[in-house]
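Summary of the model geometry
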Amino acid sequence: MASKILANLIVMGSGILLRAFAQAYRQALANASRTGAAQEAVQNTVRTGSRAMSEIEARQILGVTEKSTWEEILKKYDVLFEKNGMQGSFYLQSKVHRAKECLEAAYQAKGQGPTS
């Protein structure tokens, strides 16, 4: 008899909790759509994901100036890439690589890149 009462309490309690969570979720969705937070979050995700690195940001990452030669950029790239590879920061290593790619494209456009 006691087990039957306990089982009923568990079933009823979980049903009440489930309905409360569903109602809270619906309310959160309504609040987000009313304030525009959901659309803003999606737009920020899309904007951040598709954003290309600027030449200024690439120069800051590699620590070079606009007057630096391609050889100086490659030396800085090699040092930073190897240092971050050894110390295990894949994120920084990928930023360094993307910075080199960005500057490589900029230098090729100017006719001073690695293929000239």
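Chains are numbered independently. Their residues run from 1 in the order of the written sequence. This being a predicted model, a pLDDT of at least 70 is required before a residue's local features are given, and a value of 80 or more before pairs of side-chain atoms are given or counted; all residues contribute to the totals for chains, interfaces and linings. By convention in this description, side-chain values take in all heavy atoms of the structure and omit both hydrogens and water.

Here the nonpolar core consists of buried residues drawn from Ala, Val, Leu, Ile, Met, Phe, Trp, Tyr and Cys, with membership extended through side-chain atoms lying within 4.5 Å. The rule is simple: take the accessible area with a 1.4 Å probe, protein chains only, and divide by the maximum for that residue type; under 20% is buried, over 50% is exposed, in between is partly exposed. Counting 12 residues, the largest nonpolar core is built from M53, A58, L62, V64, W70, I73, Y77, V96, A99, C102, L103 and Y107. Any two residues having at least one pair of non-hydrogen atoms within 4.5 Å are treated as being in contact. Beyond its immediate sequence surroundings of up to four residues, M53 is in contact with A58, I61, K95, R98, A99 and C102.

Turning to the packing of helix 3 (residues 55-62) against helix 5 (residues 90-110), a few remarks are in order. Axis angles are defined between N-to-C directions and span 0 to 180 degrees, where every axis is a line fitted to C-alpha atoms and, for a helix, only to the segment in contact. A run of H or I in DSSP becomes a helix once it reaches four residues, and a run of E becomes a strand once it reaches two; helices and strands are each numbered from the N terminus. Contact geometry for helix 3 and helix 5: axes closest at 9 Å, N-to-C directions at 125 degrees. What the angle tells us is that helix 3 and helix 5 run oblique. For the pair helix 3 and helix 5, the sense of crossing is left-handed. Contacts between helix 3 and helix 5 pair E55, E57, A58, R59, I61 and L62 from the former with K95, V96, A99, K100, C102, L103, A106, Y107 and K110 from the latter. Tallied by class, residues from the contact of helix 3 with helix 5 come to nine nonpolar, no polar and six charged. Should an angle fall under 35 degrees it is taken as roughly parallel, and over 145 as roughly antiparallel, whereas 65 to 115 is taken as roughly perpendicular and any remaining angle as oblique. Note: crossing handedness is left-handed where the near helix turns anticlockwise from the far helix by less than a right angle, and right-handed where it turns clockwise. Only Asp, Glu, Lys and Arg are considered charged in this grouping, and only Ala, Val, Leu, Ile, Met, Phe, Trp, Tyr, Cys and Pro are considered nonpolar; every other residue, Gly among them, is considered polar.

So, on to the confidence of the model for the protein. As a per-residue quantity, pLDDT reports the predictor's confidence and falls between 0 and 100. Summarising the model, the protein shows a mean pLDDT of 81, and 82% of its residues fall at 70 or more. Averaged pLDDT values over the elements of the protein bottom out at 54 in helix 2 (residues 37-50) and peak at 92 in helix 3. For residues 46-50, every residue scores under 50 in pLDDT, and the model assigns this stretch zero contacts once sequence neighbours within four places are set aside.

Let's shift gears to the packing of aromatic side chains. Two aromatic rings, taken as a pair, are described by how far apart their centres are and by the angle between their planes. Stacked, tilted and edge-to-face are the three classes assigned to paired rings of Phe, Tyr and Trp, where Trp is represented by its six-membered ring and a pair needs centres within 6.5 Å; plane angles under 30 degrees give stacked, over 60 edge-to-face, the rest tilted. According to the stated counting rule, one finds two aromatic pairs in the structure shown. Here K100 stacks its cationic end above the ring of Y77, 4.9 Å away from the centre of that ring. Look at NZ for Lys and CZ for Arg. If either is within 6 Å of the ring centre and within 35 degrees of the ring normal, a charge sits over the ring.

The subject of this paragraph is the packing of helix 3 against helix 4 (residues 70-86). Contact geometry of helix 3 with helix 4 gives a least axis separation of 10 Å together with a crossing angle of 60 degrees. The pairing of helix 3 with helix 4 is recorded here as oblique in orientation. Here R59, I61 and L62 of helix 3 come into contact with helix 4, specifically with I73, K76, Y77 and L80. Residues of the contact of helix 3 with helix 4, tallied by class, amount to five nonpolar, no polar and two charged.

Before going further, it helps to spend a moment on helix 3. Buried within helix 3 are the following residues: E57, A58, R59 and L62. Buried residues belonging to helix 3 abut helix 4 and helix 5. Where helix 3 terminates, the next one or two residues include G63, which has phi positive at roughly 70 degrees.

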